[in-house]
Each structure stands twice: as structure tokens, then as C-alpha cells.
Amino acid sequence: VNARTRSAIGAVFALSAITAVAAADAPIAIVGGTILTVGPQGTIEKGTVVIRDGKIAAVGKGVSAPAGATVIDATGRFVMPGIIDCHSHTAIEADVNECSDSITAEVRIADVIDHRDVNIYRELAGGVTTINVLHGSCNTIGGQNAVVKMRWGKPPEELIFKEAPRGIKFALGENVKRSNYHPPGAAPRFPATRMGVEAVLREAFEEARAYKKEWHDYEAKAGSAADKPLPPRRNLRLEVLRDILDGKVLVHAHCYRADEILMLIRVAEEFGFKIRTFQHVLEGYKVASEIARHGAGASTFSDWWAYKMEAWDAIPYNAAILAAHGVKVSMNSDSDELARRLYWEAAKAVKYGGVSEAEALKMVTLNPAWQLGIDARVGSIEVGKDADIAIFSAHPFAPDTRVETTLVDGVVYFDRARDAAGTPMKAAP
Amino acid sequence: VRTLAKRVRVSAFLAAVIVAFPPATLRAADGVTAITGARIVTVSGPVIEKGTVVIAGGKIAAVGADAIVPPGATVIDGAGQTVYPGLVDGLTTLGLTEIGSVAGSVDVAETGDVNPHAKAWIAVNAHSELLPVARANGLTAALAAPSGGLVSGQSALIRMAGTTPDALTLKQPVAMHVVYPSGRPQPDPSRPDEPDLKTFEERQKEKKKNQQKDLRRLANLLEEAKAYGELLRSGGPAKPDLPMESLAPVARGEVPMVIRADAEDDIRGAVAFAAEHGVKLIIAGGLEAWRCADVLKERDVPVLMNVERLPARESDRYDAAYANAAKLRAAGVRFAIVSDDASQSRNLPYEAAMARAYGLPADAAIRAITLSPAEIFGMADRIGSLAPGKDADLFMATGDIMDARVSVTHVFIDGVTQSLETRHTRLYREFKDRP
């Protein structure tokens, strides 16, 4: 049994009985729908998307379905790129955070992916095709993220979006200083203030610099000297921090207040690295120019507020203000439930601050793709990109809309009509 | 015929105005407002594609395609917009909470298990920043309810305008709030680290046993309250007992009991309990209400439910919670869609939209956040729809209120135009052009 057959069998298990998957090699044509490409082709009425080998092969109005193609009739429907959730804790069950230390850069979400989490399927039913699985926010440097494609039914290693650059979660503010939660029996842990958070970061990167130098010196000597110097002892934690200094790891920083956002920009710039995204970033609108100048993205909630002190100045206009200042903004869920309706979260940016519909759509597709460094692969319907597509019954922002079909890599992983015949609630073994 | 019809309408309008105004104040169309040329979603009647709503003396004076604009009325051009009755959020902690994690700003749950004499209308903060935020998206009334423990306390229906708790309160008490016992064992403080080595069956048995114990406790409280109530009527008890005094009308079936229950077993348990003790029941939560639509219909138990939740069981269809409302409607169960929140109360129309996307007809969806909760709380004569004689609690929006792109442009409460300014619009103005 070769790999392709195996994966086809897995998909069949995942979808009960599906004909589209059986013809894995045949091209797929999505015809008759309104295509919201989120790419240079804009919106195409009554267009066709042709998929070959899991990639988008052709998109356009005049494009016809190739001979032998499996045809998905999207007449009257809306076809958009699969939704990308830039802040998720799906598929890791309780293994969210290693809270015991302020810096746990060595731990990896990829090690604890639970491929049987039914929320993968439920989120597919909300049009989600890629998620950024992050640690919790109880420590300053939490651990390495995993970008996951929603290939429901596949084993953990096949869920990982392998081409996605490495990333790490930082956290600032109340959760880190444990303002609202004290684990029973846990000893007090530094930091307990926002001053302490800065100190933790600064110390961490001072150490990382020293570690980098140690290796650099060793390598310089090892290359030339006749006497074989002993290599420094490998430190998994510092190795990751060193890679951050070298720009090899995208930093996703949980934050709320304007001051802590400025603090992190200052520390990062001093040590010569970039923050890729500020997560939540509910007071981002107060320092939008600074975020834009640093070149970071903002991954925010549409309208959450008032649940804690640092969310008191949160406003639903955050996304609009940041976008107007040139920041790439995404709407995230941070929730297995909210993830299923991110399309309406994006719609709220139109209401609050008058973001254009085209720009709002980017906030759950192309912008989070950029934030995760995977925009060359996903985030829009363009020739050559992965065939990650969501088909809606109406415009994704409309109140009656519903996801009908979701494809990842050209494979139908969710189809409402098939679901009615019996939900494939268990992933393939 | 047309003139006659018009005359009938005019006299109907005058009658309504006369009802609304004491004759002395009828001099001119003082304080009369008319919204013209708007799409009108009346909820109690058919949608009027283009019509007029007349507001006078804090009441709705007329609604119709040909309703006459009284001379001197302030006219608001509603062309291209839609008028709705104010939204009613049937389960919230609005007014009782400000910042979730800041204990000093939260008055939702009392200590202890039995607090029937905790009354929401005592502590609703008329100056909460959350009220204008909810109001700016069309919400004009909400049930402010305490939570926690076994008997959480009594709720009040509040409106989103007023400067004192009394001014806010539309009706109190609306209901006694109870949490269906979870049956979770109390941790043994002497053996905190004792591992739980019980089997699933053992744990289920223990859960049922604990639940029965708490239900017996509740039943005893009701019996005691009944007796106390009778004592009150026959000359009064030796010394007042405030919890009993609060529970007595609940025990008599006069004030409804809202029981929070999500699981099928718990909902069925609550229905059986209410039937046995003559309690007028409302279910809150109701995640699995669709599984027990039969008994809810049979006993006419309404459900206060929020829609945007994950299914109760892993084996449920992904849309079990989304389709809950449509299933209840099909079975003839009464329900209101609620936010079950405070800061997220402004998103009530999108909860209804999700129910609509998964099978609930549009007219039933808007009803579930307006007239249905008003009916469940016995306030349908005053709020929940656009009909002559009702309180002028209404709003106008740029389109379908369940569309997340749509904005609210006007809100009236008691006929008075409300500011749409919020903490959020103020901060927006302050920072949007910061270089």
C-alpha cells in the first residue's frame, strides 16, 4: 500500500463514503459559483476553479472543467480561500501550557497534537483550513507553535503544515504575572509585574547572545585549530532563543496594553529581531503607528472586551484603526467555538470602522497567511497555491450563510450534504 | 372606500394618541416623532416594506404603510433603513458586572448555596459602561440575572436607559434563578490528593445520588416557603424570614423558576421536578433541549438558549447547537435566544443569525430576540413588537440587524432618542487619527 492509497483510505474513513476522494488523481472543477479570490483576480462571477494534485491549476470566468474532472456545482454559492485562524488551541487537549518556568522555549506544540480532536472537523465545517496552534499565555516565552492543516483523519505528523516557518509564543501582561489565576499549591513565580516581564525578556536574550557567541567562537576555532576544542554543551532552550535572534523563528506575542506592546518592540529592536504578530493586541489601536513601523502584524479579536482589566480599553474599531495605519490585521478565535464563524468576525470590521469588504476578507485569509509566513502557499485562490477552499451557501458575510463544502489540498474534508447522512465524528485510526 | 379607510386609520391614530396622552397635554404634536419610508419589521404582524412608525408620549401611536404623520411631528427619514422593536436579551448579567476579572466590579453571585433573597434590581448599575454598548446595537431591554450556587436569586427585566436602578427596572421579580445540581462530589478537605479510582458507573451513581440530595433540599425549601406563605396570609410568622418570603411566590407557581440545565438528563430532571412541585419552569442554557423537545412541549416549558456553542457530545452533529432553535420551533417549544453574557450582549442578533443559517426562519429568528422573551417574562403587552399602544422601545438600522456589517442609526427607549455614544466610540475618536 503506497502513501497515496493509505491517505486516500484515511480520507474515506473520515468522510464515510465519498466519491471525490476515490478519484484522487482526477482533477476537480468547482463551477458556477461567485469566487472571492482575495487575490489579484478579485471577485469572479460564475467562475471556475480547477484543482490538480491538490493545487489550484486554473481560476477564471472562461475556464472550463477539464475532461474527467470531478465537478462540484457551486451555482448560487460563494467560493473563498480556506479560512486561517492565527490563534488556536484546537487539537492539543489539555496540553496547552508549560507553566512551571517563565521561559520554556524548548517545548513544542507539534509534540502534543491530538489528531482525534473532533473540533478539527467542526472547524472545517466553519470553513477553516489552517490554524496556528499556540501555547497558553501563562509564561513570558511559552514554546514553539505548530501550524496545522485541517486534514481530518490523518495522523498528527500529517496535520503539520510542514512548509510553515518555525514560530514561538510570547506572552505579556496579566496572564504572565498571574493576576487572575493562581494555580493551587503553586509557588510564586517571577514575574509578578509588567516590569518583571521586561526583565525576563531582557535576561533571556542576553543569555541567548552569550550562547550564540559561545558557539560562534567554538565554530571559528574548530574550523582552523589543530587542537580539537570541546563544543559547548547544547542547550535546547537557548538554541531556540538564538534562532529568534537570527530571525529564524516568527514571534507571536500575546499582549493587551499599549505600554507592553511598546516595551516588546523596544526589546526586540534592541536585540535585533522582529515581532511577527502581536496577538490579541487589544490596545494596538493606541500605538498603531509604532506597530506599523516595526513591521509586525496584528491578530486580534473582533469585539471581545471587559473580561479583565487589560481588556477594559478594548474597542471593536481596533482592526480598522490598525489596518488604516498599514498593519496587516487578522481576526482570530482563541476558541474552538468562535473558530467556526470567523467569517462573521471579519464582517464586523466593515461595521466598526468602515473597512472595505475586500480588506475584511483578507483578515481571515491572506493576512493570517502572511502572519504565519505561508502566504505563498495559502490565503487566496490563485494558480499554484494549495487548493484550500471553503464554499458558502451565500456571501460569507451574509446572515443566512453556511459553509457547504471545505477542501484542503483539493480533498473534500467537509461536505454538509454528506454530513447529514452521518457525521464522521471519529478520525481514522 | 379609500377615504373611508383613511378616516378609519386617522381616527385609530387619534384614539391611540388620546390613549397615550392625558387630554391636557394633547395641545400639539409635542414630542411626537415619525419615522417614514422605512422597512418595518413589526414582529407581531407582517413586515411592512415601506411604512411609517409614529411615536407619541413614549408609546407607539401608529405603525403602517399608510400611517399618518401628525402635523408638527419630528420626522426621521427612514428610506433604505429598517425599523425593529428593541432587542430583548433574555439572559444576561448586564448591570451586575463591569470587568469580569475585577471582583470589586462584579455583583453576580452571592456566597453560599441558597440566596433567594438576592435581588438583581437592587444592584444593577445604571452607569455601567456595558449598557450603552449593548444599546448601540439595538438592545433596549435585558434580563439581569444572578447566578451561582443552588438558588442564585431573583432577576429583573431592565431597560437600557435610566440613571437609577428603579428607573432601569421594567419588571421585578421576573424569576427565581436556580442552577440544576451538577452532582459533582464535594472535595474532601482532609484528603486533598486522594486519587479518584472510581469506575465510570460508580461515578455516575454518585452523581445521581448527589443530584437527588440537592433536589430534595430544593424541594424542602419550596415546601417550607409554601408553609411560610400561608403563615404570612394568616396573620404573619413570629419573625420574618427573607429567603422564605422570596421563595413563597415561586412555590405557589406565581413567579417562575429559571433552572439552568444543559444536559438532556438535567433538563428532564428539571421538568419532572417542576411538575412534581407545581413550579412554573423556564429552562436556561438548554444545550440539549432539542433532545427533550417532547417533554418541554408537553409541559409548555420555555427555553432561554444561546446558539453559538459547541455540541454537548462528541458524537453530535457539528451543528447541534446551531440547529437547536429550529428543532424546538418545529416541535412547538417556546424559546428565546439569549446572549447569556454581559459584554457580548451586543452580539445577540448574530446568535439569532446563526440559528437562522441553520434552519430557523427569519421571522422566527427576530421573534426569538424580541417578542418571545417579552412573552416568556409576561411583558408582551409593553415590549417586544411594533404595535400601537406598546412602549416606544425601538431602533433603526442600515439593513438586516442580523448582518454583522449593518449599523444601528437610531435607538428610542420609552420614546426618547438615545445616544449611540459608548466608551468604544469615544476611544475610537480619540485614537483613530493618532499619527
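Owing to the predicted nature of the structure, the values given are computational and were not obtained by experimental measurement.

1. Observations regarding the overall build of chain A
Thinking step 1. A count of helical and extended segments in chain A gives 13 helices and 17 strands.
Thinking step 2. Computed over its C-alpha atoms, the radius of gyration of chain A comes to 23 Å, within 12% of the 22 Å expected for a compact globule of 429 residues.
Thinking step 3. Along the first, second and third principal axes, the C-alpha atoms of chain A reach 65 × 55 × 45 Å.
Thinking step 4. Counting across all 429 residues of chain A, residues that qualify as buried make up 62%.
Thinking step 5. Considering only residue pairs separated by 6 or more positions, chain A has 69% of its internal contacts joining residues 24 or more positions apart.
Thinking step 6. Roughly 15800 Å² of accessible area belongs to chain A as shown, and the carbon and sulfur atoms make up 54% of that amount.
Thinking step 7. In chain A, 50 side chains carry a positive charge and 53 a negative one; their mean positions are 2 Å apart.

2. Brief notes about the overall build of chain B
Thinking step 1. On a plain count of helices and strands, chain B comes out with 13 helices and 16 strands.
Thinking step 2. Here the C-alpha coordinates of chain B stretch approximately 80 × 60 × 50 Å along the principal axes.
Thinking step 3. Looking at chain B as a whole, 54% of its 435 residues are labelled buried.
Thinking step 4. Partitioning the contacts of chain B with sequence separation of at least 6, the portion at a separation of at least 24 is 67%.

3. With respect to the confidence of the model for chain B
Residues and elements named next belong to chain B.
Thinking step 1. Mean pLDDT over chain B works out to 92, with 91% of the residues at or above the 70 mark.
Thinking step 2. Here helix H1 (residues 2-20) stands out as the least confident element of chain B, with mean pLDDT 45; strand E13 (residues 335-337) is the most confident, with 99.
Thinking step 3. Confidence drops under pLDDT 50 across residues 1-29; counting only partners more than four residues distant or on other chains, this segment forms 22 contacts.

4. Some words on the interface of chain A and chain B
Frequently, the measure chosen for interface size is the accessible area removed from exposure when the parts meet.
Thinking step 1. In this assembly, 55 residues from chain A lie in contact with 47 residues from chain B.
Thinking step 2. For the pair chain A and chain B, the summed buried surface comes to about 4500 Å²; carbon and sulfur atoms form 53% of the total.
Thinking step 3. When the buried area of chain A at its contact with chain B is split by residue, Trp305(A), Trp312(A) and Lys351(A) rank highest and sum to 17% of it.
Thinking step 4. The interface formed by chain A and chain B holds seven salt bridges in total.
Thinking step 5. Here Glu290(A) and Arg434(B) are joined by a salt bridge, their closest N and O atoms 2.7 Å apart.

5. Re helix H13 (residues 423-431) of chain B
Thinking step 1. Along H13(B), the residues that are buried comprise Arg423(B), His424(B), Thr425(B), Leu427(B), Tyr428(B) and Phe431(B).
Thinking step 2. Next to the buried residues of H13(B) lie helix H9 (318-324) of chain A together with helix H3 (130-135) of chain B.

6. Comments concerning a positive patch on the surface
Residue and element names in this part refer to chain B.
Thinking step 1. A cluster of basic side chains, namely Lys205, Lys209, Lys213 and Arg216, defines a positive patch on the protein surface.
Thinking step 2. Assignment of secondary structure puts Arg216 in helix H5 (residues 200-233).
Thinking step 3. Exposure remark for Arg216: the relative accessible area of 52% places this residue in the exposed category.

7. Topic: the environment of Pro191(A)
Residues and elements named next belong to chain A.
Thinking step 1. The topology assignment puts Pro191 in the loop between strand E10 (167-171) and helix H5 (194-224).
Thinking step 2. For Pro191, a relative accessible area of 1% translates into the label buried.
Thinking step 3. Considered as a pair, Pro191 and Arg178 are 13 residues apart in the sequence and their alpha carbons are 8.6 Å apart.
Thinking step 4. Sequence-distant contacts of Pro191, defined by excluding residues within four places in its chain, comprise Ser102, Thr140, Val176, Lys177, Gly196, Val197 and Val200.

8. Side note on the state of the cysteines
Residue and element names in this part refer to chain A.
Thinking step 1. Under the defined criterion, the tally for this structure stands at one disulfide over all chains.
Thinking step 2. Covalent S-S linkage joins Cys99 and Cys138, the inter-sulfur distance amounting to 1.9 Å. The sign of the -130 degrees torsion about the S-S bond sets the Cys99-Cys138 disulfide as left-handed. Of this pair, Cys99 sits in the loop between strand E6 (83-88) and helix H3 (119-124) while Cys138 sits in the loop between strand E7 (128-133) and strand E8 (141-144), and the two are 39 residues apart along the sequence.

9. Focus on the sheet that holds E6(A)
Residue and element names in this part refer to chain A.
Thinking step 1. The strand order across the open sheet formed by three strands is E6-E7-E9, and the pairing between neighbours is mixed. Two strands in the sheet have a free side with no partner beyond their single neighbour: E6 and strand E9 (146-149). The sheet shows a mean angle of 20 degrees between the axes of neighbouring strands, direction not considered.
Thinking step 2. Sheet topology places E6 next to E7; four bridges connect them, and they run parallel. Across the sheet, residue Ser88 finds its bridge partner in E7, namely Val133.

10. Topic: helix H10 (residues 348-357) of chain B
Thinking step 1. The element H10(B) is largely enclosed, with a buried count of 10 among its 10 residues.
Thinking step 2. Against the buried residues of H10(B) lie helix H10 (342-351) of chain A together with strand E6 (87-92), strand E7 (139-144), helix H9 (320-331), E13 and helix H11 (362-367) of chain B.
Thinking step 3. Taken from the residues just after H10(B), Gly359(B) is the one with a positive phi, measuring 110 degrees.

11. Observations concerning the packing of aromatic side chains
How two aromatic rings sit relative to each other is set out by the distance from centre to centre and by the angle between their planes.
Thinking step 1. Enumeration over the complete set of coordinates arrives at 20 aromatic pairs over all chains.
Thinking step 2. Here Tyr322(B) and Tyr358(B) contribute two aromatic rings whose centre-to-centre distance is 5.0 Å and whose plane-to-plane angle is 40 degrees, an arrangement assigned as tilted. With Tyr322(B) in helix H9 and Tyr358(B) in the loop between H10 and H11, this pair connects stretches of sequence that are 36 residues apart.
Thinking step 3. With relative accessibility at 2%, the residue Tyr322(B) sits in the buried group.
Thinking step 4. Judged by its relative accessible area of 4%, Tyr358(B) is buried.
Thinking step 5. The cationic tip of Lys328(A) hangs over the ring face of Trp370(A); the distance from NZ or CZ to the ring centre is 5.2 Å.

12. Description of the sheet that holds E8(A)
All names here are of chain A.
Thinking step 1. If you trace the six strands from one edge of the open sheet to the other, you get E8-E10-E11-E12-E13-E14, paired in mixed fashion. The open sheet has two edge strands, E8 and strand E14 (329-331), and neither has a second partner. When the angles between neighbouring strand axes are averaged without regard to direction, this sheet yields 20 degrees.
Thinking step 2. Sheet topology note: the E8/E10 ladder contains three bridges and is antiparallel. By the bridge assignment, Ile141 is partnered in E10 with Phe170.

13. Some details on the packing of H5(B) against helix H6 (residues 242-251) of chain B
All names here are of chain B.
Thinking step 1. Packing of H5 against H6 brings their axes to within 7 Å, and their N-to-C directions diverge by 100 degrees. With respect to H6, the element H5 is oriented roughly perpendicular. Touching Leu221, Leu222, Glu224, Ala225, Lys226, Tyr228, Gly229 and Leu232 of H5 are Met244, Glu245, Leu247, Ala248, Val250 and Ala251, all from H6.

14. Details of the confidence of the model for chain A
Thinking step 1. Residues at a pLDDT of 70 or more form 92% of chain A, whose mean pLDDT is 92.
Thinking step 2. A low-confidence stretch, residues 1-23 of chain A (pLDDT under 50), is modelled with 27 contacts involving residues beyond four sequence positions or located in other chains.

Conventions and cut-offs
Residues numbered from 1 in each chain as written. Chains lettered and ligands numbered in written order. Predicted model: local features only at pLDDT ≥ 70, side-chain atom pairs only at ≥ 80, totals over all residues. Heavy atoms only, no water. Helix = DSSP H or I, 4+ residues; strand = E, 2+ residues; numbered from the N terminus. Rg over C-alpha atoms; globule rule 2.2 N^0.38 Å. Buried < 20%, exposed > 50% of the residue type's maximum accessible area, 1.4 Å probe, protein only. Contact = heavy atoms within 4.5 Å. Areas by Shrake-Rupley, 256 points an atom, 1.4 Å probe, with all protein chains shown as cover. Lys, Arg positive; Asp, Glu negative; His and termini not counted. Charge placed at Lys NZ, Arg CZ, Asp CG, Glu CD. pLDDT = per-residue confidence, 0-100. Buried area = accessible area lost by both parts, 1.4 Å probe. Salt bridge = Lys/Arg side-chain N within 4 Å of Asp/Glu carboxyl O. Patch = residues over 30% accessible without salt bridge, like charges linked within 9 Å, V, L, I, M, F, W, Y side chains within 5 Å. Disulfide = S-S within 2.5 Å. Pairing = 2+ DSSP bridges. Axes fitted to C-alpha atoms, helices over the stretch in contact; angles between N-to-C directions. Phe/Tyr/Trp six-rings, centres within 6.5 Å; stacked < 30°, edge-to-face > 60°. Lys NZ or Arg CZ within 6 Å of the ring centre and 35° of its normal. Parallel < 35°, antiparallel > 145°, perpendicular 65-115°, else oblique.

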